[in-house]
Amino acid sequence: MASANSVLQLLRERGVERLKVGAFDTDGVLRGKYLSLEKAEGVLESGFGFCDVIFGWDSADVLYDHEPETARKMYTGWHTGYPDALAKLDPKTLRFIPWESNTAFMLADFYTPGGSALPICPRQVLKRVVQRAHKLGFEPMAAVEFEFFIFKESPETVREKGYRHLTPLTPGMFGYSVVRASSQQELVHSILKSMKDYDIDLEGFHTETGPGVYEAAIKYDTILNIADKAALFKTAMKEIASRHGVMVSFMAKVNQNLPGCSGHIHQSLWDRDLRQNLFADQKSEFGMSAMFKQYVAGQLELMPEMMALISPTINSYKRTGRHTMAWAPCNATWALDNRTAALRVILGPNGAGKPTRVEYRLAAADINPYHALAASLAGGLYGIESKLVLQGPLKGSAYAVSAKEAQPLPTSLEEATEKLNQSERAREYLGSAFIDHYVATRRWEVEQFRRAVTSWELERYFEII
């Protein structure tokens, strides 16, 4: 761990004039502030107070206002008075912002006044599961792919248009289009270079099927580093896009007539020295080690009760289900290189072990990466610790599988939230304090949607009823 003095020395050597600090809230929104270097010196040494209201309001900054019984289960709220939590900067997250002159950035973790990890802090939730993996002798590795829409819009114009009839960056359904990407090379090249300079290496970047849709694949790393990079990628994309006069959306389903936006998670377990992929075994069935099979079995079993952490918004469930049949899962299934399954097992070419991994295809672009990675990793570790037996892989389309053959997945945030609330395994791996707080936030989200009068209702009922 770098000392405060060494960090400050590096900042001054790089000509940094200000330090931006931040942390991700429950919805995966980056909350932070700018600090002068003088202020940063004290902060780096002892941390700083950061109002825990960022865990006490929703994505629209509306304070959660629950009944007393529900409020008591939340970690913070009116009943606590929204005190400061102790925020400590992690020097390992130091990076320099290419699109902001003389500015550096660092992520913070939250702690209780007594110095223990704040149980509702997303980064701490993931760290809890990673520590469990380390005790078992594993180093979890991961990568994340994001799909997203780019529009020729601004925060002002989308509001003027009521978020409808937006102009995409390019027209038409044109996946893997060399022409489309090349025509937008100024933006694309800016993204590629800026992300690399921001310590977010992209292995691939291409158009997806849909007007103005792109996909970015973040290079694999240890799972905490990937969570940081994935979360920062979404914020960075929005900042870079705004400088080019366009706007990015990571909603799971932007348009009912177009495919949704995925946030696929690739995972594997390695030894602590990162010398061997523990999922690969060329002599075993399917080239999968016994541990790998247990890992997949655990993810399958816990997928329905963990889904509220993987699919955290009302909109998430517009992407999944049999009605979509558009590259998104509808049930807890696994298969070898089959994109209709919730879990796609990918084996290295010619039996090579390094690329062997599982792709968790349930996740969409609207994930909070810390929660999604923590939940999916917890499912895998549960399978290993419980020595679960993996049944044979899916053959054919997962959309043709009956509910008797595979666990169906929740079809709404309300259903998923109640399954999570009842999950003793989620509480064991992620912590009851976190689950209680998170469940209360999702119930609030469901209630806000239930109260809303949508354009669909107006168009359907206003005149005819």
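Each remark here, short or long, concerns the structure printed above.
Residues numbered from 1 in each chain as written. Predicted model: local features only at pLDDT ≥ 70, side-chain atom pairs only at ≥ 80, totals over all residues. Heavy atoms only, no water.

Participant: What is the right way to look at the overall build of the chain in this model?
Facilitator: In terms of helices and strands, the chain carries 14 helices and 16 strands. With the principal axes as the frame, the chain shows a C-alpha extent of 65 × 60 × 55 Å. Here the chain holds 465 residues, and 56% of them are scored as buried. Accessible area of the chain: about 21,000 Å², with a carbon and sulfur share of 51%. (Helix = DSSP H or I, 4+ residues; strand = E, 2+ residues; numbered from the N terminus. Buried < 20%, exposed > 50% of the residue type's maximum accessible area, 1.4 Å probe, protein only. Areas by Shrake-Rupley, 256 points an atom, 1.4 Å probe, with all protein chains shown as cover.)

Participant: What is the right way to read unusual backbone geometry from this model?
Facilitator: Keep in mind that most residues, glycine aside, have a negative phi and that most peptide bonds are trans. Positive phi values are uncommon outside glycine, yet Tyr 176 reaches one of about 55°. You can see Tyr 176 is positioned in the loop between α5 (155-160) and α6 (178-183). Residue Tyr 176 is classed as exposed on the basis of its relative accessible area, which comes to 62%. At Phe 286, a residue that is not glycine, the phi angle is positive and equals roughly 65°.

Participant: For this particular structure, what's the right way to read helix α8 (residues 223-243)?
Facilitator: Since there are 3.6 residues in each turn of an α-helix, residues three or four apart along the chain are aligned in direction. For α8, with 21 residues, the first-to-last C-alpha span of 30 Å sits near the 30 Å given by 1.5 Å per residue. Along its length, α8 shows its largest kink, about 25°, at Phe 233. Counting buried residues along α8, 16 of its 21 residues qualify, which places the element largely inside the surrounding structure. (Expected span 1.5 Å × (residues − 1). Bend = angle between axes of the 7 residues up to and from the residue.)

Participant: What is the right way to read the packing of aromatic side chains from this model?
Facilitator: One pass over the full model with this rule turns up 21 aromatic pairs. With a centroid separation of 5.8 Å and an interplanar angle of 10°, the aromatic rings of Phe 149 and Phe 151 are classed as stacked. For the pair Phe 149 and Phe 151, a shared accessibility class is recorded, and that class is buried. Their ring planes at 75° and their centres at 6.3 Å tell us that Phe 233 and Phe 250 sit as a pair that is edge-to-face. Taken together, the residues span a long stretch of sequence, with Phe 233 in helix α8 and Phe 250 in the loop between β10 (247-249) and β11 (265-271) at a distance of 17 residues. Here the aromatic cluster, defined as three or more aromatic residues joined through ring pairs, consists of Phe 146, Phe 148, Phe 205, Tyr 214, Phe 233 and Phe 250. It is Arg 14 that lies over the ring of Phe 96; its NZ or CZ is 3.8 Å from the centre. In this arrangement the basic side chain of Arg 95 is found over the ring face of Tyr 198, its NZ or CZ atom lying 5.4 Å from the centre. (Phe/Tyr/Trp six-rings, centres within 6.5 Å; stacked < 30°, edge-to-face > 60°. Lys NZ or Arg CZ within 6 Å of the ring centre and 35° of its normal.)

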